[in-house]
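Report on the structure
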Amino acid sequence: FSVLLSSTPRGARLARLLAADQLREWELPVEAASHVVAELAANAVTHGRVPGRSFRLTLYVVGGTLRIEVTDTRSDRRPEPRKPGADAESGRGLLLVEALADRWGVAEERFPRKTVWAELRFPS
């Protein structure tokens, strides 16, 4: 499953909704994966946005592993988990991805793209 979405808050919400629909169609658990999609899409829109450029959401399953990929056009801004202060209103997204995913990382592609990916294993 792959879709190109606008780099807007609406595009990020749509990524989560479309991913949840696709996971239901594949009869896979939705909750953890949709949270990961929401965080990666929100990061693409917030930190990876270039005006006029979209981001891509890709989902695929190999064996018992779901791979989520979000590709944006800001390879100069790599995501880094950070520990926000107790009163901070943001900055916890990648900590959530780390907690929910079995693995995650960043793949740099041909300039100017990067793909942030996460893998979730499901029982057979």
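A brief report on the enclosed structure follows. (Residues numbered from 1 in each chain as written. Predicted model: local features only at pLDDT ≥ 70, side-chain atom pairs only at ≥ 80, totals over all residues. Heavy atoms only, no water.)

**Section: the packing of helix 2 (residues 31-47) against helix 3 (residues 93-100)**
Note the threshold: A fitted line through C-alpha atoms serves as each axis, taken over the contacting stretch for helices, and the angle formed by two N-to-C directions is quoted from 0 to 180°. Note on conventions: DSSP H or I runs of at least 4 residues are helices, E runs of at least 2 residues are strands, and numbering of each starts at the N terminus. Each angle is binned into one of four classes, with values under 35 degrees roughly parallel, values over 145 roughly antiparallel, values of 65 to 115 roughly perpendicular, and all other values oblique. Take the far helix as the reference: if the near one is turned anticlockwise from it by less than a right angle, the crossing is left-handed, and if turned clockwise, right-handed. Contacts: residue pairs with any heavy atoms within 4.5 Å of one another.
Interhelical geometry of helix 2 versus helix 3 gives an angle of 150 degrees and a closest axis separation of 9 Å. By the angle between their directions, the pair helix 2 and helix 3 is classed as roughly antiparallel. At the point where helix 2 passes helix 3, the crossing takes the left-handed sense. Between helix 2, through Ala32, His35, Val36, Glu39, Leu40 and Asn43, and helix 3, the contact on the second element is made entirely by Gly93, Leu94, Leu96, Val97 and Leu100.

**Concerning the sheet that holds strand 4 (residues 103-108)**
In plain terms, the rule: When DSSP finds at least two bridges between two strands, those strands are taken to pair.
Spatial ordering of the open sheet is given by 1-2-3-5-4, a layout of five strands whose pairing is antiparallel. The outermost strands of the open sheet, each flanked by one partner alone, are strand 1 (2-6) and strand 4. Strand-to-strand twist across the sheet, computed as the mean angle between neighbouring axes with direction ignored, equals 20 degrees. Both strand 3 (residues 65-72) and strand 5 (residues 114-121) contribute to a ladder of eight bridges, which runs antiparallel. Across the sheet, the residue bridging to Thr71 is Thr115, located in strand 5.

**Brief notes about the nonpolar core**
Rule in force here: Here, nonpolar core refers to any group of buried Ala, Val, Leu, Ile, Met, Phe, Trp, Tyr and Cys residues whose side-chain atoms link them within 4.5 Å. Using a 1.4 Å probe on the protein chains alone, a residue whose accessible area is under 20% of its type maximum counts as buried, one over 50% counts as exposed, and one in between counts as partly exposed.
Judged by nonpolar contacts, the single largest core of 29 residues is most densely connected at Leu40, Phe55, Leu57 and Ile68. Secondary-structure elements contributing two or more residues to this core are strand 1, helix 1 (9-25), helix 2, strand 2 (54-62), strand 3, helix 3 and strand 5. Broken down by element, this core gets its largest block of residues, seven residues, from helix 2. Discounting chain neighbours no more than four positions away, the residues touching Leu40 are Ile68, Val70, Leu94, Val97, Val116 and Ala118.

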